[in-house]
Amino acid sequence: MVRVRIAPSPTGDPHVGTAYIALFNYVFAKKNNGQFVLRIEDTDRTRSKPEWEHMIIDAMKWLGLSWDEGPDIGGPHGPYRQSERGAIYAEHAELLLEKGGAYRCFCTEERLAGVREEQRKAKVAMPGYDGFCRKLTPADVKAKLADKIPFVVRLVVPDAGVTMVKDKLRGEVSFENAQVDDQVLLKSDGMPTYHLANVVDDHLMEITHVIRAEEWITSTPKHVLLYKAFGWAEPEWIHMPLLRNADKSKISKRKNPVSLNYYRESGYLPRAMLNYLGMMGWTMPDAREKFSLEEMIPAFGFDRISLGGPVFDIQKLTWLNGLYIREQSADDLAASISRDLLSPAALEAMTPLIRERVNKLEDVVDHLVYFFAGDVAYSADARAALVPKGKSAKDAANMLAELLEIVDGLAKIEAADIEAKMKALCDKLGWKTKEFFMPVRVAVTGRTATPPLHETMAVMGKERCRRRLRAAIAVLKSQG
RNA sequence: GGCCCCAUCGUCUAGCGGUCUAGGACGUCGGCCUCUCACGCCGAAAACACGGGUUCGAGUCCCGUUGGGGUCACCA
């Protein structure tokens, strides 16, 4: 039985790269009458948030990639949230300690930083943990444990030899063990790192094929070593090429919209997104470019994967989406417009904001534009208002960039919350409120006159706000 | 920088030694259709990174160079 999984980390917006890898896992599972598991990797206590998890699950459902087991529906291998599996990891770390596959490390952050610094200065070829605590005697360990000195558990990596990773797409990739660090397996807060949790869970959940992004390939030897230390059989390793920005670097929010919500709210259709992602690195045997998930499944095979990292080209995605939009009947299109864009709920949220500004019903249209539109045009007046008197375009761009950073970190914009955060930012920068809010208003709406900003932003939604902040920053930068 | 991966038009790609004077798609440009725009249709420009091998024959196999990317956390 083929069993695969997608294991997103709920530390930010649902990512297009997650959808990409999920798609190939899903299709491979379906092709082989296998099962697809959703597992939430929330072992980073400081960055993981339940809101992000909800958004990821919601986005995956929007795409239509359904899973057979997951935190929302349960299953025989649960729990599917790593934060709820602490005892399992502790137990396995202990097992590894007994088998000699791991050791306790009592080094402080400071010592580690010092070691790193020295290695940096000495230009050591392979910086990494220096193995200090590996030399501790059982008596040393016992004493430190008794003194309640905090510790982490590290993987024992052999000093010599080679670890081979058999990748389905790349063949045998070998790594000198000397190049592999004694990775931390269990953090001092008792939570596992990705490496431990991933291996333990994949084994316990009976995952047969690990289909993940190429960025993981260099840590795979650690995983292979872990399987060996536990005495478990390895899954098949399949490292997919990475989605890229136009400059070929790994796709990132700085250079591309990467949130699935951006595409969802812009009105890209899930089937268009899936189709486009399906042609990133893979082609239909008959060379068709337009194909459905159902058509992809029987045709799929890893033999048609190409390994060059594909550039995520929104223009081509948009063309494809247009094909799907136009093939709907006018009735169906009208229905999706009133359901997904001009919905009663959206209108109800906007109405209180624009009511005072309206004398005739038709007046609403002018105000509705910036709530519903994608990008807004910045007129000459608007451009002028983007830069407050006494400030430079650069100042304004920097200010908006800081605001963008704040918006990025929010799962959802709430009026009171964003108002407080903007006031705080304004104070921090030492700007007058007038100087601060007008550029933001113009950036986000393209207008110099709008309903109260924080409410407008909340109703407009995070995706619209951030894309326009980005656009305004770009305008300011081009002005020098 | 060490290690690892990758390498056909600007971009996504076809090509699995001869059928390649390299095919398709997006984008770009030109034209047709047309009240405008869009859609649609037709056409054009546009690529095998470089150097060595192997072979009767290399875009296709091997090696090197160059280039790009990834990774070197108590993040995933």
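Keep in mind the model is a prediction, meaning the values are calculated, not measured. (Residues numbered from 1 in each chain as written. Chains lettered and ligands numbered in written order. Predicted model: local features only at pLDDT ≥ 70, side-chain atom pairs only at ≥ 80, totals over all residues. Heavy atoms only, no water.)

A.B. asks: Please set out the overall build of chain A residue by residue, giving values where relevant.
C.D. replies: For chain A, the count of helices and strands is 20 helices and nine strands. In terms of overall dimensions, chain A has C-alpha extents of about 80 × 60 × 40 Å along its principal axes. Out of the 480 residues belonging to chain A, those deemed buried represent 49%. In chain A, once contacts between residues fewer than 6 apart in sequence are set aside, the share between residues at least 24 apart is 75%. When the accessible area of chain A is evaluated, it comes to approximately 22700 Å², of which 54% is carbon and sulfur surface. Side chains of chain A carry 67 positive and 65 negative charges; the gap between the two charge centres is 4 Å. (Helix = DSSP H or I, 4+ residues; strand = E, 2+ residues; numbered from the N terminus. Buried < 20%, exposed > 50% of the residue type's maximum accessible area, 1.4 Å probe, protein only. Contact = heavy atoms within 4.5 Å. Areas by Shrake-Rupley, 256 points an atom, 1.4 Å probe, with all protein chains shown as cover. Lys, Arg positive; Asp, Glu negative; His and termini not counted. Charge placed at Lys NZ, Arg CZ, Asp CG, Glu CD.)

A.B. asks: For a nonpolar patch on the surface, give the residues involved together with the corresponding values.
C.D. replies: A cluster of nonpolar side chains, namely Ile-337, Leu-341 and Leu-342, defines an oily patch on the protein surface of about 220 Å² accessible area. The residue Ile-337 is located in helix α12 (residues 330-341) in this model. (Patch = residues over 30% accessible without salt bridge, like charges linked within 9 Å, V, L, I, M, F, W, Y side chains within 5 Å. Salt bridge = Lys/Arg side-chain N within 4 Å of Asp/Glu carboxyl O.)

A.B. asks: So what's going on with the packing of helix α16 (residues 393-408) against helix α18 (residues 433-445)? Which residues, and what values?
C.D. replies: At a minimum axis separation of 11 Å, α16 and α18 run at an interaxial angle of 70 degrees. The orientation of α16 with respect to α18, classified from their angle, is roughly perpendicular. Residues Met-399, Leu-400 and Leu-403 of α16 touch α18, and the partners they reach there are Phe-436, Pro-439, Val-440 and Ala-443. Residues belonging to the contact of α16 with α18 are distributed by class as follows: seven nonpolar, no polar and no charged. (Axes fitted to C-alpha atoms, helices over the stretch in contact; angles between N-to-C directions. Parallel < 35°, antiparallel > 145°, perpendicular 65-115°, else oblique. Nonpolar A, V, L, I, M, F, W, Y, C, P; charged D, E, K, R; others polar.)

A.B. asks: Provide a residue-level description of the environment of Pro-352, including the pertinent values.
C.D. replies: As for its placement among the helices and strands, Pro-352 is situated in helix α13 (residues 344-354). With 99 residues separating them along the chain, Pro-352 and Pro-451 place their C-alpha atoms 9.5 Å apart.

A.B. asks: With reference to specific residues and values, describe the protein's contact with RNA strand B.
C.D. replies: Neighbouring residues of RNA strand B: 49 residues in total, closest Arg-170, Lys-187, Lys-250, Gly-281 and Glu-289. The protein-proximal atoms of RNA strand B, defined as those within 4 Å of the protein, are 81% sugar or phosphate. The side chain of Arg-170 places a nitrogen or oxygen atom 2.4 Å from a sugar or linking oxygen of RNA strand B. In this structure, Thr-218 approaches RNA strand B through a side-chain N or O atom, which is 3.3 Å from a sugar or linking oxygen. For the surface near RNA strand B, the secondary-structure elements that each account for two or more residues are α4 (109-121), β4 (152-155), β6 (171-176) and α11 (314-326). By residue number, the principal contributor to the surface near RNA strand B is α11, which donates four residues. The class makeup of the residues in the surface near RNA strand B is 18 nonpolar, 14 polar and 17 charged. (Near = heavy atom within 4 Å. Polar contact = N/O pair within 3.5 Å; in protein donor to acceptor, adjacent residues only side chain to side chain.)

A.B. asks: Describe in detail the pattern of salt bridges, supporting the description with residues and values.
C.D. replies: Taken as a whole, this structure holds 40 salt bridges when the rule is applied. Where Glu-327 meets Lys-290, a salt bridge forms, and the shortest distance between an N and an O atom there is 2.8 Å. A residue pair is termed long-range when its members are at least 10 positions apart, and Glu-327 in the loop between α11 and α12 and Lys-290 in the loop between α9 (270-278) and α10 (293-299) qualify at 37 residues. The class for Lys-290 is partly exposed, based on a relative accessible area of 30%. Note that Asp-363 is salt-bridged to Lys-360, the shortest N-O span being 3.4 Å. We classify Lys-360 as partly exposed; its relative accessible area is 44%. Salt bridges here are not isolated pairs; linked through shared partners, they connect Arg-5, Arg-39, Glu-41, Arg-85, Asp-201 and Asp-202.

A.B. asks: Provide a residue-level description of the packing of α18 against helix α19 (residues 453-460), including the pertinent values.
C.D. replies: Interhelical geometry of α18 versus α19 gives an angle of 25 degrees and a closest axis separation of 11 Å. Of the possible angle classes, the one that applies to α18 and α19 is roughly parallel. As for how α18 packs across α19, the hand of that crossing is left-handed. In this structure, α18 uses Phe-437, Val-440, Arg-441, Val-444 and Thr-445 to contact α19, whose residues at the interface are Leu-453, Thr-456, Met-457 and Met-460. (Left-handed = near helix turned anticlockwise from the far one by under 90°.)

A.B. asks: An account of the confidence of the model for chain A is needed here, citing residue identities and associated values.
C.D. replies: Mean pLDDT over chain A: 95, with 100% of residues reaching 70 or higher. Prediction confidence for the complex, expressed as pTM and ipTM, is 0.96 and 0.97 respectively. (pLDDT = per-residue confidence, 0-100.)

A.B. asks: Now, about the environment of Cys-133: what can you tell me, with residues and values included?
C.D. replies: Within the element layout of this structure, Cys-133 appears in the loop between α4 and α5 (138-146). A sequence separation of 324 residues divides Cys-133 from Met-457, and the C-alpha atoms of the two residues are 52 Å apart. Once residues lying within four places of it in the same chain are set aside, the contact partners of Cys-133 are Tyr-103, Arg-104, Cys-105, Phe-106 and Cys-107.

A.B. asks: Give a detailed account of the side chain of His-367, specifying residues and quantitative values.
C.D. replies: With respect to the element layout, His-367 can be found in helix α14 (residues 364-372). Taking the relative accessible area as the measure of exposure, His-367 reaches 11% and is therefore buried. Aside from chain neighbours lying at most four places away, what touches His-367 is Ile-354 and Arg-357.

A.B. asks: Can you break down the state of the cysteines residue by residue, with the values?
C.D. replies: By the definition in use, this model includes zero disulfides. Its sulfur unpaired, Cys-105 is 3.8 Å from the next cysteine sulfur, which belongs to Cys-107. For Cys-105, a relative accessible area of 2% translates into the label buried. Of all cysteine sulfurs, the one in Cys-107 lies closest to Cys-133, which takes part in no disulfide; the gap is 3.6 Å. (Disulfide = S-S within 2.5 Å.)

A.B. asks: Any chance you could break down α16 for me, citing the residues and the numbers?
C.D. replies: An ideal rise of 1.5 Å per residue puts 22 Å on 16 residues; α16 measures up with 22 Å between its terminal C-alpha atoms. Regarding α16, the residues found buried are Ala-393, Ala-396, Ala-397, Met-399, Leu-400, Leu-403, Leu-404, Val-407 and Asp-408. The inward-facing, buried residues of α16 contact α2 (50-63), α15 (380-386), α17 (415-429), α18 and α20 (462-479). (Expected span 1.5 Å × (residues − 1).)

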